[in-house]
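Single-letter residue listing:
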Amino acid sequence: MNVILDIIMINNVLTKYFKRDVYSMFLDDYCFEYYRILKLIYPDCKMVIENNKDHCASLIMGNVYDVTGIRDGSDFFIADTFYENYVYSFYNKFNEEVRNDLNNYIVGKVKVKK
């Protein structure tokens, strides 16, 4: 498995879906949704939160990833239930209709890892 290649593929799919710059979209506004996308592809990934609590990402096979690729793991901590609820409560989210449509679109284009 090459997570970086998967992220490149996911980003290409997202760019076609949204028809806009997905880097700023998922880095600045919707990092929680990008975590959910990676969780869809890598079901065993864990949520991590940047130490300043402004950004979340995914821990996959010991490395931290977000829309930009691999990140410095020392800048993040693994989210416990309290911080998962914090992210869910305060970070931007898509409405359920957009999320379901996007999930179906991604699953049809990117292979889910088991």
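In case you missed it, the structure is sitting above this.
Residues numbered from 1 in each chain as written. Predicted model: local features only at pLDDT ≥ 70, side-chain atom pairs only at ≥ 80, totals over all residues. Heavy atoms only, no water.

### Considering the nonpolar core
Soluble globular proteins tend to bury their nonpolar side chains together.
Now for step 1: In this structure, Ile10, Leu14, Phe26, Tyr34, Met47, Cys56 and Ile106 are the most contacted members of the largest nonpolar core, which totals 31 residues.
Now for step 2: Here this core takes 7 residues from helix H3 (residues 31-41), the largest share from any one element.
Now for step 3: Every residue in contact with Phe26, bar those within four places of it in the chain, is listed here: Leu14, Phe18, Cys31, Glu33, Tyr34, Ile37, His55, Val67 and Phe94.
Now for step 4: Core analysis: the second largest hydrophobic core is formed by 5 residues, Val48, Ala57, Val64 and Phe76 among them. (Core = buried A, V, L, I, M, F, W, Y, C linked by side-chain atoms within 4.5 Å. Buried < 20%, exposed > 50% of the residue type's maximum accessible area, 1.4 Å probe, protein only. Helix = DSSP H or I, 4+ residues; strand = E, 2+ residues; numbered from the N terminus. Contact = heavy atoms within 4.5 Å.)

### Some details on the packing of aromatic side chains
Now for step 1: Counting across every chain of the model gives 14 aromatic pairs.
Now for step 2: Ring pairing ties together the aromatic residues Tyr17, Phe18, Phe26, Tyr30, Tyr34, Phe94 and Tyr105, which thus form one cluster. (Phe/Tyr/Trp six-rings, centres within 6.5 Å; stacked < 30°, edge-to-face > 60°.)

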